[in-house]
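Coordinate inspection notes
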Amino acid sequence: MRILKRPIIAIFNDHLINYPTPINIHYAWNFGFLSSICLIIQIVTGIFLAMHYTPHVDLAFISIEHIMRDVNFGWLLRYAHANGASMFFIVVYIHLFRGLYFGSYIFPRHYVWVVGVIIFFLMIITAFIGYVLPWGQMSLWGATVITNLVSAVPIVGSSIVSWLWGGFSVDNATLNRFFSLHYLLPFVLVAASLVHLAVLHQHGSGNPLGIDSAVDKVPMYPYFIVKDFLGLVFFMVFFSFFSFFSPNLLGHADNYIEANPMVTPAHIVPEWYFLPFYAILRSIPHKLGGVVVMVSSIFVLALLPWIHSTEIRSSRFRPIYRFFYWTFFTSCLILGWIGGMPVENPYVFIGQIASIYYFLYFIFILPLLGKLENFLIKFAVY
């Protein structure tokens, strides 16, 4: 058909309709599609929310209440956006752990994985500055605590913090800057996601067996488009439960109190999706050391293609690895739990143990396990 030869239509057709897809991929591969849906939801709801939001310390909290009470379907926009952030992280975390389980970071898809880690880091920054905008108690004090971490940088740290704040504390200039960045960064995420998709389609998608499936592929439409949309139906049911029936379940009650710089909350905690990294930060008694280790806990993921040292890709054929994978997954859950607990024993000690295992998994367990598996393959006993 002549219309399919037009440049934009041809690109759409090549990457979403006739794209050759391994025949054996299952629903664990749905979450890349679902993450793009979450990003679209966040951008659309965010644009409409920005039309009614006022980035001023005296009016920000009131403007949120105005959206909730006076704007037609403003409550739906606000709850969809707030819970959409949580849904986005749920989908991305599943997508990430699926990649870890099936070895999606191995050559020739190593750059796909690295771009994905960059996207994850951008998501964290975008979500953090977005959490400041409602200007509740947890927004103000969360911003104060996290931005203060930059002061740990030797010599220039304090100057950088003052530059970030636009003054001597988190105030009106800070809120304005965060609002501008929160509006901009989702479009940077879109660009990074397109790069992620383009690099993926350069070599094609992986599969659960971790084998070359070049000779056993089918067009994405209709087979996997239907599968993706079935997954989308179940995801929207899950999303709708939180938006309509428990919209505040994943939030913090203190954020419904207007920001007051004269009153410090009893226990300052970030949103649930930051808790594992917050626990790692708190596990290091040194301020600069904690910041370095927390940032390293994200970027160590980008080194996985070079840490991986076995010829086997999928954990389906790696029984020893599966054991360590699930212990690593458990340590991440423990870190999430510890991040929401007070800074006291035994929580600090448990967090330190889980943090040590988190890094041991990447630095020692994966390389040594790869060498062991290569040895067993050599002698045909694995």
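What you are looking at is a predicted structure, and each value in this text was computed from that prediction instead of being measured.

Moving on to the UniProt feature "binding site: heme b b566" (unreviewed entry) in the protein chain. Summarizing the sequence annotation, UniProt attributes the feature "binding site: heme b b566" (unreviewed entry) to H95 and H196 in the numbering used throughout. Spanning 102 residues, the named residues form one tight spatial group whose C-alpha atoms are at most 13.3 Å apart. Assignment of secondary structure puts H95 in helix α4 (residues 74-102). What makes H95 partly exposed here is its relative accessible area of 23%. Setting aside its immediate chain neighbours within four residues, H95 contacts F31 and G32. Mapped onto the secondary structure, H196 falls in helix α8 (residues 172-203).

Here we come to the domain arrangement of the protein chain. Structurally, the protein chain comprises domain 1 (23-203 + 219-267) and domain 2 (269-381). Centre-to-centre, using C-alpha coordinates, domain 1 lies 23 Å away from domain 2. Contacts between the two partners involve 39 residues from domain 1 and, on the opposite side, 35 residues from domain 2. Roughly 3400 Å² of surface becomes buried between domain 1 and domain 2 when both sides are summed, with 73% attributable to carbon and sulfur atoms. Linking domain 1 with domain 2 are zero salt bridges, by the criterion used here. For the pair domain 1 and domain 2, the interface holds ten residue pairs in polar contact (both at pLDDT 80 or more). Among the elements of the structure, α4, α5 (110-132) and α6 (137-148) are those that each provide at least two residues to the side of domain 1 that touches domain 2. Broken down by class, the residue content of the side of domain 1 that touches domain 2 amounts to 28 nonpolar, nine polar and two charged.

Looking now at the UniProt feature "binding site: a ubiquinone" (unreviewed entry) in the protein chain. Taking the numbering used here, the UniProt-annotated feature "binding site: a ubiquinone" (unreviewed entry) corresponds to H201. Position of H201 relative to the elements: it lies in helix α8. Owing to a relative accessible area of 14%, H201 belongs among the buried residues under this scheme.

Counting residues in each nonpolar core, the largest one holds 97 residues, and the members touching the most others are F89, L100, F120, W135, Y358 and F362. The leading source of residues in this core is α5, at 13 residues. Residues from two domains meet in this core; each of domain 1 (23-203 + 219-267) and domain 2 (269-381) gives at least three. When neighbours within four sequence positions are excluded, F362 is seen to be in contact with V300, L301, L304, I307, F328 and P367.

In this section: the side chain of H81. Relative to the helices and strands, H81 is located in helix α4. What makes H81 buried here is its relative accessible area of 18%. Not counting residues up to four positions away in its chain, the partners in contact with H81 are Q42, T45, G46, L49 and H182.

Looking now at helix α10 (residues 275-283). Counting buried positions along α10 gives nine out of nine residues, so the element sits mostly inside the fold. Residues of α10 that are buried: L275, P276, F277, Y278, A279, I280, L281, R282 and S283. Those residues of α10 that are buried are in contact with α4, α5, α11 (287-299), α13 (319-339) and α14 (347-378).

In contact at an axis separation of 9 Å, α4 and helix α9 (residues 223-245) are set at 130° when each is read in the N-to-C sense. Looking at the two axes, α4 sits oblique to α9. The handedness of the crossing between α4 and α9 comes out as right-handed. Counting all contacts with α4, which are made through W75, L76, Y79, A80, N83, G84, M87, I90 and V91, the residues of α9 involved are F235, F238, F239, F242, S243 and F244. The residue inventory of the contact of α4 with α9, partitioned by class, reads twelve nonpolar, three polar and no charged.

The rules behind these values
- Residues numbered from 1 in each chain as written.
- Predicted model: local features only at pLDDT ≥ 70, side-chain atom pairs only at ≥ 80, totals over all residues.
- Heavy atoms only, no water.
- UniProt positions renumbered as here; feature names shortened; annotations may be inferred.
- Helix = DSSP H or I, 4+ residues; strand = E, 2+ residues; numbered from the N terminus.
- Buried < 20%, exposed > 50% of the residue type's maximum accessible area, 1.4 Å probe, protein only.
- Contact = heavy atoms within 4.5 Å.
- Domains from an automatic or database assignment.
- Buried area = accessible area lost by both parts, 1.4 Å probe.
- Salt bridge = Lys/Arg side-chain N within 4 Å of Asp/Glu carboxyl O.
- Polar contact = N/O pair within 3.5 Å; in protein donor to acceptor, adjacent residues only side chain to side chain.
- Nonpolar A, V, L, I, M, F, W, Y, C, P; charged D, E, K, R; others polar.
- Core = buried A, V, L, I, M, F, W, Y, C linked by side-chain atoms within 4.5 Å.
- Axes fitted to C-alpha atoms, helices over the stretch in contact; angles between N-to-C directions.
- Parallel < 35°, antiparallel > 145°, perpendicular 65-115°, else oblique.
- Left-handed = near helix turned anticlockwise from the far one by under 90°.

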